Amino acid sequence: MSLLLFLLFVNDAFTEIKTDNVGAMINHLCVFMMMFADDMILCSTTKQGLQTLLDKLGTYSDKWGLKVNTGKTKICVFEKRKSNQNFRWKYKGDFLDIVEQFCYLGINFKYTGNMNDSVKMLSDQALKSMNNLISVFGRISVDINTKLKLFDALVKPILLYGSEVLGISCESEIDKIHIKYCKSILGLKRQTPNAAVYGELGRLPISILCKERVLRFWLKLVHNTNTNISPTSIMYNQQLEDVRQNPNVKNWANRVKSILDNLGF
C-alpha cells in the first residue's frame, strides 16, 4: 500500500518538471524522465538542459516536502570516448558526483553504452550464488535432480535477469557458470566436452534461453498495435531506421536480425 500511495503522490512530477525542448529526442518521442517506484532518471542532451531539470526537481520537492538523497544522486555522461567535464551540475546548491557507470534497477550502465559490463556483473553475482550452493552440498547429501532444481531457482534467474536486452551480449560469460556447475555436480574435470555434459543432464546452454527471451520480446514489439505511442516501440523503430541507413550498425535490432538469420528465418 505504501508503494502505491507514493506513486500516486509523485504522479504529477512528470508534468511539473517537463520543460520544452529539453530531453533526448527519439523520433517524435522526447525522453526527459524515467521513474520506477522511488527511483528517478533525468535525461538531457545538453548540460544546461539537465541543470534545468534538476532545478525544477528541486522546486517540486520543496513544494511537496520531498527529500532527494544527493549522496546517491549521480551524473553519467554517455559518450564514445571519455572527455574532460568542466561543467558541474548542482542540486539545490550541492554539487553532484560525475561517475563513469551506475547501477539502475539491477543493471549496470557504463558511459560508453556498452552492456558487456552489465552481463559480467550479473555473472559475478551468479558465480557467488553458485559457490554458496556448492558449499552446501559439502555438508548435506542431495541428488542430482534436486541440485539442478536449486540451480534453476537460485542461480539461473540472476543469469537471465534483463536477458530480453542483454541476452545478445557475452554469451560465453553466461554459459561458463552453468557448465561449470554441471561438471561440478557430476564430479567431472574441466576438460570434459560440454556437449557430453549437456546431453547427460538433458540441459541446454543458458545462452539459448536468453536468445529465446530476446525473440519473444521482439515478437511483442512487432505485434504491438500501439507502435505510435509505446516508447519501447518508438525506440525499436528508430533502431530499424538506423539499420536501414547502416547495415553494419551494432544495435539491439540488428543483433536480433543476426539471430533470426542464423536460425534460417
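Structure first, text after, so check above.
What you are looking at is a predicted structure, and each value in this text was computed from that prediction instead of being measured. (Residues numbered from 1 in each chain as written. Predicted model: local features only at pLDDT ≥ 70, side-chain atom pairs only at ≥ 80, totals over all residues. Heavy atoms only, no water.)

Let's talk about the overall build of the chain
Secondary structure assignment for the chain yields 12 helices and 10 strands. Evaluated residue by residue, the chain yields a buried proportion of 34% over its 265 residues. Long-range pairs, those at least 24 residues apart, make up 57% of the contacts in the chain with a sequence separation of at least 6. Working note: accessible area of the chain is about 16,700 Å², and carbon and sulfur atoms make up 54% of it. Placing the 34 positive and 24 negative side-chain charges of the chain at their respective mean positions leaves the two points 5 Å apart. (Helix = DSSP H or I, 4+ residues; strand = E, 2+ residues; numbered from the N terminus. Buried < 20%, exposed > 50% of the residue type's maximum accessible area, 1.4 Å probe, protein only. Contact = heavy atoms within 4.5 Å. Areas by Shrake-Rupley, 256 points an atom, 1.4 Å probe, with all protein chains shown as cover. Lys, Arg positive; Asp, Glu negative; His and termini not counted. Charge placed at Lys NZ, Arg CZ, Asp CG, Glu CD.)

Points about helix α8 (residues 171–186)
Three or four residues apart is the spacing at which side chains of an α-helix point the same way, because the helix has 3.6 residues per turn. Taking 1.5 Å as the rise per residue, α8 with 16 residues should run 22 Å; its terminal C-alpha atoms sit 23 Å apart, in good agreement. Where α8 is buried, its residues contact α4 (116–137), α5 (144–154), α6 (156–159), α9 (194–201) and α10 (206–222). (Expected span 1.5 Å × (residues − 1).)

Topic: the pattern of salt bridges
Throughout the structure, instances matching the rule amount to 10 salt bridges. For Arg-203, the salt bridge goes to Asp-152, with nearest N and O atoms at 2.7 Å. Placement of Arg-203 in the loop between α9 and α10 and of Asp-152 in helix α5 is noted, with a sequence separation of 51 residues between them. With a relative accessible area of 16%, Arg-203 lands in the buried category. Note that Arg-216 is salt-bridged to Glu-212, the shortest N-O span being 3.1 Å. (Salt bridge = Lys/Arg side-chain N within 4 Å of Asp/Glu carboxyl O.)

Focus: the nonpolar core
Counting 25 residues, the largest nonpolar core has Val-155, Leu-159, Tyr-181 and Ile-206 as its most contacted members. Elements with a minimum of two residues in this core: α4, α5, α8, α9 and α10. Look past the residues within four positions of Tyr-181 in its chain and what remains in contact with it is Met-130, Leu-133, Ile-134, Phe-137, Lys-147, Leu-148 and Phe-151. Counting residues in hydrophobic clusters, the runner-up holds 16 residues, among them Met-33, Leu-50, Leu-54 and Tyr-91. (Core = buried A, V, L, I, M, F, W, Y, C linked by side-chain atoms within 4.5 Å.)

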